[in-house]
Amino acid sequence: MLVPRAEAAAECLVKGSRFLGEVFPIVGQAEVREQIRAQKAKYADATHVVHAFIAGAHAEIMGMSDDGEPGGTAGRPVLDVLKGRGVTNVLLTVTRWFGGTLLGTGGLVRAYGDTAKKVLAAAPFEPLVEKAAFSLTCSYAAYPAVRHLLADWSLFDVCESFGEDVTLRGSVAAEERAAFARAVSEATNGAVSVL
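What counts, and where the lines are drawn
- Residues numbered from 1 in each chain as written.
- Predicted model: local features only at pLDDT ≥ 70, side-chain atom pairs only at ≥ 80, totals over all residues.
- Heavy atoms only, no water.
- Helix = DSSP H or I, 4+ residues; strand = E, 2+ residues; numbered from the N terminus.
- Expected span 1.5 Å × (residues − 1).
- Buried < 20%, exposed > 50% of the residue type's maximum accessible area, 1.4 Å probe, protein only.
- Arc of directions from axis to C-beta.
- Contact = heavy atoms within 4.5 Å.
- Pairing = 2+ DSSP bridges.
- Axes fitted to C-alpha atoms, helices over the stretch in contact; angles between N-to-C directions.

Colleague: Would you mind showing me how to read helix α1 (residues 29–42) here?
Modeller: With 14 residues, α1 extends 20 Å between its outermost C-alpha atoms, agreeing within 8% with the 20 Å of an ideal straight helix rising 1.5 Å per residue. Regarding α1, the residues found buried are V32, I36 and Q39. Down the axis of α1, the buried set is contained in an arc of 65°. They therefore lie on one face. Of the exposed residues in α1, the ones pointing more than 90 degrees away from its buried face are E34, R37, A41 and K42. At its buried positions, α1 is contacted by β3 (17–25), β4 (48–55) and β6 (90–97).

Colleague: Hey, could you run me through the sheet that holds strand β9 (residues 155–162) in this one?
Modeller: By way of backbone hydrogen bonds, the strands of a sheet pair with one another, either parallel or antiparallel. Spatial strand order, β8-β10-β9: three strands in an open sheet with antiparallel pairing. Sheet topology places β8 (131–138) and β9 at the edges, where each strand pairs with a single neighbour. Going across the sheet, the axis of each strand differs from the next one's by a mean of 15°, ignoring polarity. Where β8 and strand β10 (residues 166–173) come together, eight bridges link them in antiparallel fashion. Residue F134 lies in a different strand from β10, and its bridge partner there is G170. Where helix α5 (residues 177–187) meets the sheet, it contacts β8, β9 and β10, and its direction lies at approximately 10° from that of β8.

In C-alpha cells form, the structure reads like this:
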C-alpha cells in the first residue's frame, strides 16, 4: 500500500468546464469531513466539490460523494481510480466549475476519472509503514553516539530539544522499535533507554 507524502493538485478542462483535482494525506474520516468543509468554503463559486477517500492500514475504510452530479458519475470514478492505484490514507477531491456545456453521464465519468488520474500522477507517494512513537533523553556526552545511530534506522518526524539534557522524540518503524532500543542502549553502555 502507498500513502501520499504531501498534497498535490492538477487541472483538466473539458468543453469549457474546469476540473481541479487535489490530493490530501489523511488518517481517518474526521479529517475527511474537515477537509471537505474547507474545500467547499474555499471554492464557494464552484458547481460541485466531489470527493472519494480510502483510509486504514488495509484500505478498509472508503467513502465518496457525487455532490449533486448524477449518481455514479463523479464519486464512483474517483474512488475506482484510488482503488486501482493501491493507495490508502488519501482524500481526493475534484472541484468542478460548470462551463456551459452538458457532458452527459459518460463525459462526466471520463472527466472525473481523468482528473483523478492526473492528480495522482502528480502526487508524491511512499510505502505505508506502521510507526511506533519513541522518546529518549541523554546527556550531552552520550548525544554524539545516539546521533550517529539515527541514520541507520527508519525514523520519522524526529524532534530534538536541548536543555539540561538532550531529548529526542519521534517515530520509528514499528518492526524496528525493539532493535532500535537495544542499539541505543548498547551504544551508550546502558545509560540511555528508549521509551
